[in-house]
Amino acid sequence: MSVKGNIKEAAGHVKEEAFENGDSPESKRKAQEGRDLRNEGRIEDGKPPKTGKPGTES
C-alpha cells in the first residue's frame, strides 16, 4: 500500500461524503470527483475500484 494511494482514497471518500446528499448539479459533480479520486487511490494500491451504487457497501 502506498501512502499516496491511501491519501487519495481517504480524500476522495471525504469529498464524496460531504457532497453526496446535495441536490444541485454542483454537489453531484463534486461527489463524483470524490468517487473518482477514491477509485484512483484504490487502483494505485492494487485494489479494485468501487463500482457499486453510492451509499452501499458494494
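Everything below is about the structure shown above.
The structure presented is a predicted model; accordingly, all values stated were derived computationally and were not measured.

Scoring rules and cut-offs
Residues numbered from 1 in each chain as written. Predicted model: local features only at pLDDT ≥ 70, side-chain atom pairs only at ≥ 80, totals over all residues. Heavy atoms only, no water. Salt bridge = Lys/Arg side-chain N within 4 Å of Asp/Glu carboxyl O. Helix = DSSP H or I, 4+ residues; strand = E, 2+ residues; numbered from the N terminus. Buried < 20%, exposed > 50% of the residue type's maximum accessible area, 1.4 Å probe, protein only. Axes fitted to C-alpha atoms, helices over the stretch in contact; angles between N-to-C directions. Parallel < 35°, antiparallel > 145°, perpendicular 65-115°, else oblique. Left-handed = near helix turned anticlockwise from the far one by under 90°. Contact = heavy atoms within 4.5 Å. Nonpolar A, V, L, I, M, F, W, Y, C, P; charged D, E, K, R; others polar. Expected span 1.5 Å × (residues − 1). Arc of directions from axis to C-beta.

Points about the pattern of salt bridges
According to the stated counting rule, one finds 10 salt bridges in the structure shown. The residue Glu33 makes a salt bridge to Arg29 at a minimum N-O spacing of 2.2 Å. Of this pair, Glu33 and Arg29 both sit in helix α2 (residues 25–44), separated by four residues, roughly a single helical turn. On the accessibility criterion, Arg29 (40% relative accessible area) is partly exposed. Among the charged side chains, a network of salt bridges with common partners joins Lys15, Glu26, Arg29, Lys30 and Glu33.

Concerning the packing of helix α1 (residues 3–19) against α2
Close contact between α1 and α2 brings their axes to 7 Å; oriented N to C, the two are set at 160 degrees. By the angle between their axes, α1 is roughly antiparallel relative to α2. Where α1 crosses over α2, the handedness of that crossing is left-handed. Where α1 abuts α2, its residues Lys4, Gly5, Lys8, Glu9, Ala11, Gly12, His13, Lys15, Glu16 and Phe19 lie against Ser27, Lys30, Ala31, Glu33, Gly34, Arg35, Leu37, Arg38, Glu40, Gly41, Arg42 and Glu44. Grouping the amino acids of the contact of α1 with α2 by side-chain chemistry returns four nonpolar, six polar and 12 charged.

Considerations on α2
Over its 20 residues, α2 extends 29 Å from the first C-alpha to the last, a length consistent with the 28 Å expected when each residue adds 1.5 Å. Residues of α2 that are buried: Ser27, Ala31, Gly34, Arg35, Arg38, Asn39, Gly41 and Arg42. Looking straight down α2, one finds its buried side chains confined to an arc of 160 degrees; they lie on one side. When the buried face of α2 is taken as reference, the exposed residues oriented beyond 90 degrees from it are Pro25 and Ile43.

Notes on the side chain of Ser27
By the secondary structure assignment, Ser27 is in helix α2. Dropping the residues within four chain positions of it, Ser27 is found in contact with Phe19 and Gly22.

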